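Read off the chains here:
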Amino acid sequence: QNPFQTDSENTNTTTAKRSTIDAYYQVKDCCVCDANQAITSPPAPPLCKRCLTYKQQTAVLLHQQLRYLETRQQQMHDGCMKCCATRCPQMTDLCVSLDCSVPFQKKNVAQTLAQTKFVLQFIEMESVNPQIDA
């Protein structure tokens, strides 16, 4: 099955797939530009036609997002080290304060960072070995 279906092909298959609960929870927005028109299907990340066509521009945007997320992750980590009054990086992972929202934020940033790296890897792989011309 082609992971890069057009919108008309996707409309016919979406109605048939609505019988499973997974069809209701699939992401339909592009994960790079937030357009409501992702044309890829799992296991590929949800990407729109524009982001697939302009792979270099998409890669630049993803690298900027990676830099921001890595900086944010480091800032939160440094804040945790000051709060815990420790120089040991592993000690900040043991923090269980219910009053602090930073552990949740750290987990959220780590998850977004992993997703962004996955999308960037997919874009770079597609640039080297394109399966279809978008």
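Scroll up a little and you will see the structure.
Residues numbered from 1 in each chain as written. Predicted model: local features only at pLDDT ≥ 70, side-chain atom pairs only at ≥ 80, totals over all residues. Heavy atoms only, no water.

## Observations concerning the overall build of the protein chain
Worth spelling out the cut-off: Secondary structure elements are taken from DSSP: a helix is a run of H or I of four residues or more, a strand is a run of E of two residues or more, and numbering for both begins at the N terminus. Throughout, exposure labels follow a simple rule: accessible area from a 1.4 Å probe, protein chains only, divided by the maximum for the residue type, with under 20% read as buried, over 50% as exposed, and the rest as partly exposed. Here, residues are in contact when the closest pair of their heavy atoms is within 4.5 Å.
Helix and strand content of the protein chain: five helices and zero strands. Going from the N terminus to the C terminus, the protein chain shows its helices and strands as α-α-α-α-α. Put simply, the protein chain has 134 residues, and 28% of those count as buried. In the protein chain, the proportion of contacts linking residues at least 24 apart, taken out of those at least 6 apart, comes to 58%.

## Considering helix H4 (residues 55–84)
Note the following rule: Multiplying 1.5 Å by the helix residue count minus one yields the expected span of that helix.
Between the first and last C-alpha of H4 there are 43 Å, a value that for 30 residues agrees with the 44 Å anticipated at 1.5 Å per step. The set of residues buried in H4 consists of Lys 55, Thr 58, Ala 59, Leu 62, Leu 66, Leu 69, Met 76, His 77, Cys 80 and Met 81. Phi for Ala 85, located one or two positions after H4, is positive at around 55°.

## Considerations on the side chain of Thr 58
Within the secondary structure layout, Thr 58 lies in helix H4. Owing to a relative accessible area of 2%, Thr 58 belongs among the buried residues under this scheme. If sequence neighbours within four positions are ignored, Thr 58 has contacts with Val 32, Cys 51 and Ile 123.

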